[in-house]
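Examining the three-dimensional arrangement
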Amino acid sequence: MICDVCGKDGARQRHLTRSYGKGASLLIIEDVPVICCPHCGERYMTAQTLEQLECIKRSPGNLATIRSVPVAVFK
Ligand SMILES: [Zn+2]
């Protein structure tokens, strides 16, 4: 895949976990497709992915499930 930032071939799509907000408003989204480029080190998401993320963030109640997970705070 061609990197949108530096134009070199070799960028790979990876599925990463992203988190937004904190405390009671923390929202975790798993398996977000992120394009990583080994040449320029850039990580970015496609417009379609960003749109979908916005959609999830707007109404997490419809799309998210509540899970009890350990959350650590770096001190
Ligand atoms: Zn690149």
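Reference entry: report on the structure contained in this document. (Residues numbered from 1 in each chain as written. Predicted model: local features only at pLDDT ≥ 70, side-chain atom pairs only at ≥ 80, totals over all residues. Heavy atoms only, no water.)

**Digging into the overall build of the chain**
Rule in force here: For helices the rule is a DSSP run of H or I covering at least 4 residues; for strands it is a run of E covering at least 2, with both sets numbered from the N terminus onward. Taken over C-alpha atoms, the radius of gyration is set against a globule rule of 2.2 Å times the number of residues to the power 0.38. When checking whether two residues touch, look at their non-hydrogen atoms; a contact exists if any pair is within 4.5 Å. Under this rule, positive means Lys or Arg and negative means Asp or Glu; His and the chain ends count for nothing. A single reference atom marks each charge: NZ on Lys, CZ on Arg, CG on Asp, CD on Glu.
Of regular secondary structure, the chain possesses 2 helices and 3 strands. Shown N-terminal to C-terminal, the secondary structure of the chain runs as helices and strands in the order β-β-β-α-α. Relative to its length of 75 residues, the chain is extended, with a C-alpha radius of gyration of 15 Å against a globular reference of 11 Å. Its C-alpha atoms give the chain principal-axis dimensions of roughly 40 × 30 × 15 Å. Expressed as a percentage of contacts within the chain between residues at least 6 apart in sequence, the contacts between residues at least 24 apart total 38%. Put simply, the chain has 10 plus and 7 minus side-chain charges, and the middle of one group is 9 Å from the middle of the other.

**Focus on the packing of aromatic side chains**
Note the threshold: Aromatic pairing here means that ring centres of Phe, Tyr or Trp (its six-membered ring) are within 6.5 Å. Orientation follows from the plane angle: under 30 degrees is stacked, over 60 is edge-to-face, and everything else is tilted. Criterion for a charge above a ring: Arg CZ or Lys NZ at most 6 Å from the ring centre, at most 35 degrees from the ring normal.
By the definition in use, this model includes 0 aromatic pairs. Positioned above the aromatic ring of Tyr20, the side-chain terminus of Lys57 is 4.2 Å from the ring centre.

**Thoughts on the pairing of strand β1 (residues 12–20)**
Remark: a regular strand shows side chains that alternate across the two faces of the sheet. To keep things clear, this is the line we draw: Criterion used throughout: strands pair if DSSP finds at least two bridges between them.
Two strands pair when backbone bridges link them, and β1 and strand β2 (residues 27–36) are joined in this way by 8 bridges, in the antiparallel orientation. Opposite Arg12, over in β2, you have Cys36 as the bridge partner.

**A short note on the environment of Ala11**
Applicable threshold: With a 1.4 Å probe rolled over the protein chains alone, any residue whose accessible area is under 20% of its type maximum counts as buried; one over 50% counts as exposed, and the rest are partly exposed.
Tracing the chain through its elements places Ala11 in the segment before β1. A residue is classified by how much of its surface remains accessible, and Ala11, at 4% relative accessible area, is buried. For the pair Ala11 and His39, spaced 28 residues apart in sequence, the C-alpha to C-alpha distance is 7.9 Å. In this structure, Ala11 is in contact with Met1, Ile2, Cys3, Ile35, Cys36, Cys37 and Pro38, ignoring residues within four places of it in sequence.

**Describing the sheet that holds β1**
Definition in use: Each axis is a line fitted through C-alpha atoms, and for a helix only the stretch in contact is used; angles between axes span 0 to 180 degrees, taken between their N-to-C directions.
Pairing in this open sheet of 3 strands is antiparallel, and the strands run β1-β2-β3 from one edge to the other. At either margin of the open sheet sits one strand with a lone partner, and together these are β1 and β3 (43–44). Its contacts with the sheet place helix α1 (residues 47–58) against β1 and β2, and it is angled at close to 175 degrees to β2.

**Some remarks on the coordination of the zinc ion**
Geometry sets the ideal angles at a metal, namely 109.5 degrees for four tetrahedral donors and 90 or 180 degrees for six octahedral donors. Quick reminder of the rule: Distances define the donors: N, O and S atoms within 2.8 Å of the metal qualify, as do those within 3.2 Å of Na, K or Ca. Water is excluded, so some sites may look unfinished.
Coordination of the zinc ion by the protein is provided by Cys3 (SG), Cys6 (SG), Cys37 (SG) and Cys40 (SG), with metal-donor distances spanning 2.3 Å. Sequence spacing of the donor residues for the zinc ion, all on one chain, is C-x2-C-x30-C-x2-C. Of the two residues, Cys3 sits in the segment before β1 while Cys37 sits in the loop between β2 and β3, which places them 34 residues apart along the sequence. Judged on exposure class, the residue Cys3 and its partner Cys37 are both buried.

Treat this as a map of the structure, not an account of what it does.
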